[in-house]
Amino acid sequence: MFRKKKYTEAERRSRRKFIKAIAAVAAAGIVPHRKAEALDVTWEEWTQQHFKRLTKEELERILKRLEEKYTREYGKKVSVTAEPPIPGVTFAYALDLSRCIGCRRCVYACVTEINQSRNPHMKTVKTTEEVNRRKSWLQWIRVLEMEKVKGINVEEAEIYYNPPKVPEEGKFYMPVQCQQCNNPPCTKVCPVVATWKEPDGIVVVDYNWCIGCRYCMAACPYGARHFNWVKPFIPKDELNPRTHYLGNRPRYAGVVEKCTFCVQRSRNGRYPACVEICPVGARKFGNLNDPESEIRYIIENKRVYIFKEELNTQPKFFYFFGV
Amino acid sequence: MKNAWRFFLETLRVSLTGSKKYYLWVGFLLFCIFVGALAYVHQLKNGLIVTAMRDEVSWGFYISNFTFLVGVAAAAVLLVIPAYIYNFKPIKEIAVLGELLAVSAMVMCLVFVTVDIGRPDRFWHLIPKLGMLHFPTSLLSWDVIVLNGYLIINLCIAVYILYKMYHNEEPNKNVYWPLILISIPWAVSIHTVTAFLYNGLAARPFWNASILAPRFLASAFCSGPAFMLIIFQIVRKVSNIEISDKAIFKVAELIAYSMFINLFLLGAEWFKEYYSDTVHIASMKYLYEGLKGHSALVPWIWAATIFNVIAFFLFLIPKTRENFLTLNIGCVLIFIGVYIEKGMGLVVPGFTPDVLGEIYEYSPTNTELLVSLGVWALGLLVYTLLLKVAIPIQTGEFRVDKVARREVPEGEQVPAS
Ligand code: SF4
Ligand code: SF4
């Protein structure tokens, strides 16, 4: 829909468009063949096994294939790695609600770091008086604006706040992203185990295994899972070429994605992009198993708030009040 | 084996020949399917963006239809119970009609799920061993199993009974009774599992109420039999299967009781939500009164509630129950009422407001409507074709001896011995 891909003749011949066949069957062979844009798969992709069942060699082959594909599509060298969890590490996050000023820099840093689709997902918004279409993007972080007098109450929260200047008088801000639950309802419901909790606590999605049933989206209490309603589009020059298989590599249409604590960074000893960008230092990140870590200090010495604690999701994302 | 093949060919022939009206009806259904298929191709090509579903309301019209049809499928078979208890004469016929409806509804359910998922090409991931079915943890994997199982069981019963009747043999009770006996609890299970699918999500307070599964069953006991009552009347008009008025009125009475339970449970939910008046009331409010100016579902749900109440009285009062005009009005009202209540009225409020309090008003796009039209037409086509074969077999018009007498078996050579 957005751009025609250029393939060499050989590649084109070797590509088998399964979806086209399925579409043809669906239409009982009466629909003229057109290129299926949103879903096109090669034989290799289609037969690929679940991530956890791949042997080392298979995984390497897949990573190489993806690297070539992305390099070709985006016209620059792209790396796709699959660093495993670091033994003994459990990642956790803390966010200082008394510092956050609601500037949404984390939201935008996230979009570029994790190669988020830049396609707007237009939404029709109907109210009794108006019918209009609202632009909305895939974003893993949502910043809720709430009123201080009402406290933390999502029913009263505003996501689309847009004042000339933040923070506003009487308001506070609460960014919400995947809470990397220790008892995640999202992985429990997935009918094909396309999403699971890694040993370092990060909940990941195998974009090649997800069937797009969206059951996990219904199950997540934090709105942290997002669906590719349309084929993702990332401008070539904006692609972040350092990608992780379970993290920020470009996604497919029709699959679910979510925050992974920047698995491509954190497993290499770096902070997630949102932690780095926050201008007021409201975001903290570290190893929960390390008694000396900042995250442990916060949990032990600050007032910590757990979002929707009553649901027993046991987040590894702690809100706290630094001052 | 040869018999089976002949049976197959003959049924094919019967289902493909018919009166002008029959061709017109089948042609109409085929046209709807074609339109639906075109819409689906459009969706495949562009992605689910062509639907009105978004991250906030991630399931919509497709899953609503799916949920409703699971109820229809379940209840069609549950009709066997009254048929058995009250010892209706044409019990086998009724059972077969119910089972065939269950088969058709199951086909629709499975297609509705298929058109809803983002990657239908990866369906094989659901196959155990080959793929990775998350059983027993995921309720959806349960649903995959019970729905497919239900389809197979009902197909087996119906085909077995019809096959035997076709060959003028009495179906062996020892074969079909156990199957029917399994199919009854299985019918309860498909609807319970589907209710649990929603019920188990603590993130969505609107669904996370233990009353959900009983309400599902109660409303299914209304919509499924209501549909069957209409089918019974059509069937006895166009064929000479005898279905007594008494049987029909009995079923109507059962509908009244189920509707009472359904309305009672609804009242219980209302009380709990409105009296305790917690933040979790938001979805209920969105459904029944509108929330912050968003009220797309309000007229629908009130229409449904009113329909259900009217139908309840129509079926409760013997005078209106035993009058075919009011009876049929009641059936239609119930069918529409439950369709709204157990379809969009169940699925959409679960997502509105969403888990972070955002209100996104969902209403299906034309693509969704057309695809759904196609799926319904497909289901009706399946049911039509099945009935086209089943009814003459049951009335004795279409049997092996009649077919043989009429037809010279050309091209069928006796193997040289
Ligand atoms: S926040 Fe949502 S997506 Fe993240 S682990 Fe918990 S349930 Fe899953
Ligand atoms: S959408 Fe994908 S990850 Fe989510 S439950 Fe379905 S298959 Fe699993």
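Residues numbered from 1 in each chain as written. Chains lettered and ligands numbered in written order. Predicted model: local features only at pLDDT ≥ 70, side-chain atom pairs only at ≥ 80, totals over all residues. Heavy atoms only, no water.

**Here we look at the overall build of chain B**
Note the cut-off: By the criteria applied, helices consist of DSSP H or I runs no shorter than four residues and strands consist of E runs no shorter than two, each listed in order from the N terminus. Every radius of gyration here is taken over C-alpha atoms, with the globule rule written as 2.2 Å times N^0.38, N being the number of residues. For every residue, the accessible area obtained with a 1.4 Å probe (protein chains only) is divided by the maximum for its type, and the residue is called buried under 20%, exposed over 50%, and partly exposed between those limits. By definition, residues are in contact when any of their heavy atoms lie within 4.5 Å. Using a 1.4 Å probe, the Shrake-Rupley method yields the accessible areas, and only the shown protein chains count as cover for residues. Lys and Arg are tallied as positive, Asp and Glu as negative. Neither His nor the chain termini are counted. Every charge is mapped to an atom, namely NZ of Lys, CZ of Arg, CG of Asp or CD of Glu.
When helices and strands are tallied, chain B shows 16 helices and 0 strands. In terms of overall dimensions, chain B is globule-like: its C-alpha atoms have a radius of gyration of 23 Å, near the 22 Å expected for 417 residues. The burial tally for chain B puts 59% of its 417 residues in the buried class. Put simply, of all contacts in chain B between residues at least 6 apart along the chain, 77% involve residues at least 24 apart. When the accessible surface of chain B is summed, it comes to about 17,300 Å², and 71% of that surface belongs to carbon and sulfur atoms. Of the side chains in chain B, 31 bear a positive and 28 a negative charge, and the two mean positions are spaced by 6 Å.

**Concerning the pairing of strand 14 (residues 317–321) of chain A**
Residues and elements named next belong to chain A. Our working rule: Two strands are counted as paired when DSSP detects at least two bridges linking them.
Summarising burial for strand 14: 4 of the 5 residues are buried, a large majority. Of the strand pairs in this sheet, strand 2 (residues 91–96) and strand 14 are connected by 4 bridges, and their pairing is parallel. Pairing of Tyr93 across the sheet is with Phe317, part of strand 14. As judged from the 3 bridges shared by strand 13 (residues 303–305) and strand 14, these two strands associate in the antiparallel manner. Each residue of the ladder has a partner; that of Tyr305, found in strand 14, is Tyr319.

**Remarks on the interface of chain B and chain A**
The criterion, for reference: Buried area: the sum, over both parts, of the accessible surface (1.4 Å probe) that disappears when the two are put together. By convention in these notes, a salt bridge is any Lys or Arg side-chain nitrogen within 4 Å of a carboxyl oxygen on Asp or Glu. Throughout this description, a polar contact denotes any pair of N or O atoms lying within 3.5 Å of each other; where both atoms belong to protein, one of them has to be capable of donating a hydrogen while the other can accept it, and for residues adjacent in sequence the pair is counted only when both atoms sit in side chains. Note on residue categories: nonpolar means Ala, Val, Leu, Ile, Met, Phe, Trp, Tyr, Cys or Pro, charged means Asp, Glu, Lys or Arg, and polar means any other residue, Gly included.
Taken together, the 63 residues of chain B in the interface contact 74 residues of chain A. In total, chain B and chain A occlude about 5,700 Å² of area from one another, counting both sides; carbon and sulfur atoms represent 60% of this. Three residues, Arg119, Met132 and Leu356 of chain B, lead the burial of chain B against chain A; their summed loss comes to 14% of the area buried on that side. Where chain B packs against chain A, one counts 3 salt bridges. Among the salt bridges present, the one from Arg214 of chain A reaches Asp116 of chain B, with a minimum N-O distance of 2.7 Å. Counting the contacts that link chain B with chain A gives 32 residue pairs in polar contact (both at pLDDT 80 or more). Broken down by secondary-structure element, the contributors of at least two residues to the side of chain B that touches chain A are helix 2 (20–46), helix 6 (139–166) and helix 7 (173–199) of chain B. Considering every element that reaches the side of chain B that touches chain A, the biggest residue donor is helix 2 of chain B, with 8 residues. Residue composition of the side of chain B that touches chain A, grouped by class: 34 nonpolar, 16 polar and 13 charged.

**Observations regarding the side chain of Lys284 of chain A**
Residue and element names in this part refer to chain A. Position of Lys284 among the secondary structure elements: in strand 12 (residues 283–287). Within the structure, Lys284 has its side chain in polar contact with the backbone oxygen of Gly281 (distance 3.2 Å). Excluding residues within four positions of it along the chain, Lys284 makes contact with Ala92, Tyr93, Ala94, Glu294, Ile295, Ile298 and Phe320.

**Considerations on a nonpolar patch on the surface**
Spelled out, the test is: Patches here are clusters of residues that have more than 30% relative accessible area and form no salt bridge, with a 9 Å joining cutoff for like charges and a 5 Å cutoff for nonpolar side chains (Val, Leu, Ile, Met, Phe, Trp, Tyr).
On the surface, a cluster of nonpolar side chains totalling about 510 Å² of accessible area is made up of Trp5, Phe8, Leu9, Leu12 and Leu16 of chain B. Within the secondary structure, Leu12 of chain B sits in helix 1 (residues 2–16).

**Focus on the side chain of Asn199 of chain B**
For Asn199 of chain B, the position within the fold is in helix 7. Setting aside its immediate chain neighbours within four residues, Asn199 of chain B contacts Trp207, Asn208, Ala209, Ser210 and Leu212 of chain B.

**Topic: the pairing of strand 6 (residues 171–176) of chain A**
All names here are of chain A. Burial within strand 6 is extensive, with 5 of its 6 residues counted as buried. Note that strand 5 (residues 142–147) and strand 6 share 6 bridges and pair antiparallel. Paired with Leu144 across the bridge in strand 6 is Met174.

**Quick look at the site of ligand 2**
The following threshold applies: Only a single heavy atom is needed: when it lies within 4 Å of a molecule or strand, its residue is near that molecule or strand.
Around ligand 2 sit Cys190, Pro191, Val192, Thr195, Cys210, Ile211, Gly212, Cys213, Arg214, Cys216, Arg225 and Val256 of chain A, and those are all the residues in its vicinity. Grouping the constituent residues of the shell around ligand 2 by class yields 8 nonpolar, 2 polar and 2 charged.

**A closer look at the pattern of salt bridges**
All names here are of chain B. Overall, the coordinates contain 28 salt bridges over all chains when judged by the stated rule. Measuring nitrogen to oxygen at the nearest pair gives 3.1 Å for the salt bridge that ties Glu341 to Arg215. Residue Glu341 is found in helix 13 (residues 324–341), and its partner Arg215 is found in helix 8 (residues 212–238); the two are separated by 126 residues along the sequence. Its relative accessible area of 10% is what places Arg215 among the buried residues. Its salt-bridge partner being Glu341, residue Lys342 comes within 3.2 Å of it at the nearest N-O pair. On the basis of relative accessibility, which here comes to 4%, the residue Lys342 falls in the buried class. Owing to a relative accessible area of 8%, Glu341 belongs among the buried residues under this scheme. Each of Arg215, Glu269, Glu341 and Lys342 takes part in a single network of salt bridges with overlapping partners.

**Regarding helix 5 (residues 105–113) of chain A**
Residues and elements named next belong to chain A. Along helix 5, the residues classified as buried are Cys106, Val107, Ala109, Cys110, Val111 and Glu113. Residues of helix 5 that are buried make contact with strand 5, helix 8 (263–266), helix 9 (273–277) and strand 12. Where helix 5 ends, the next residue or the one after it, Asn115, has phi of about 55°, a positive value.

**Points about the environment of Val304 of chain A**
All names here are of chain A. Tracing the chain through its elements places Val304 in strand 13. Along the backbone, Val304 and Glu145 are 159 residues apart, and their C-alpha atoms lie at a distance of 19 Å. Beyond its immediate sequence surroundings of up to four residues, Val304 is in contact with Ile298, Ile299, Phe318, Tyr319 and Phe320.

**Notes on the domain arrangement of chain A**
Residues and elements named next belong to chain A. For clarity, the cut-off: Just so you know, the domain bounds were taken from an automatic or database domain assignment.
Looking at chain A, the domain boundaries give domain 1 (9–66) and domain 2 (67–323). Every contact between the two is made by 17 residues of domain 1 and, on the other side, 21 residues of domain 2. On the domain 1 side of the contact with domain 2, His50, Phe51 and Leu66 bury the most area, a combined 39% of that side's loss. For the interface between domain 1 and domain 2, the tally reads 2 salt bridges. Among the ionic pairs, Glu68 bridges to Lys64, the shortest N-O distance being 3.7 Å. At the boundary of domain 1 and domain 2, one finds 13 residue pairs in polar contact (both at pLDDT 80 or more). When residues in the side of domain 1 that touches domain 2 are grouped by element, the largest group, 6 residues, is from helix 4 (residues 56–74). Considering only residue class, the side of domain 1 that touches domain 2 consists of 7 nonpolar, 3 polar and 7 charged.

**Some details on the packing of aromatic side chains**
Put simply, the rule reads: Pairing of aromatic rings covers Phe, Tyr and Trp, the last through its six-membered ring, and needs centres within 6.5 Å; plane angles under 30 degrees mean stacked, over 60 mean edge-to-face, and all others mean tilted. Any Lys NZ or Arg CZ found within 6 Å of a ring centre and within 35 degrees of that ring's normal is scored as a charge over the ring.
Tallied over the full model, the rule gives 45 aromatic pairs over all chains. Centroid distance Tyr176 of chain B to Trp177 of chain B: 6.2 Å. Interplanar angle 25°. Geometry classified as stacked. For the pair formed by Tyr176 of chain B and Trp177 of chain B, the shared burial category is buried. With centroids separated by 5.2 Å and ring planes inclined at 75°, the aromatic side chains of Trp270 of chain B and Tyr288 of chain B adopt a geometry described as edge-to-face. In this pair, Trp270 of chain B sits in helix 9 (residues 245–276) while Tyr288 of chain B sits in helix 10 (residues 282–288), placing the two residues 18 residues apart along the sequence. A relative accessible area of 26% means that Trp270 of chain B is categorised as partly exposed. When its relative accessible area of 7% is taken as the criterion, Tyr288 of chain B is described as buried. Following the ring pairs from residue to residue traces out a cluster consisting of Phe91, Tyr93, Tyr222, Phe261, Phe285, Tyr305, Phe307, Phe317 and Tyr319 of chain A. Lying over the aromatic face of Tyr207 of chain A, Arg251 of chain A brings its terminal NZ or CZ to 5.8 Å of the ring centre.

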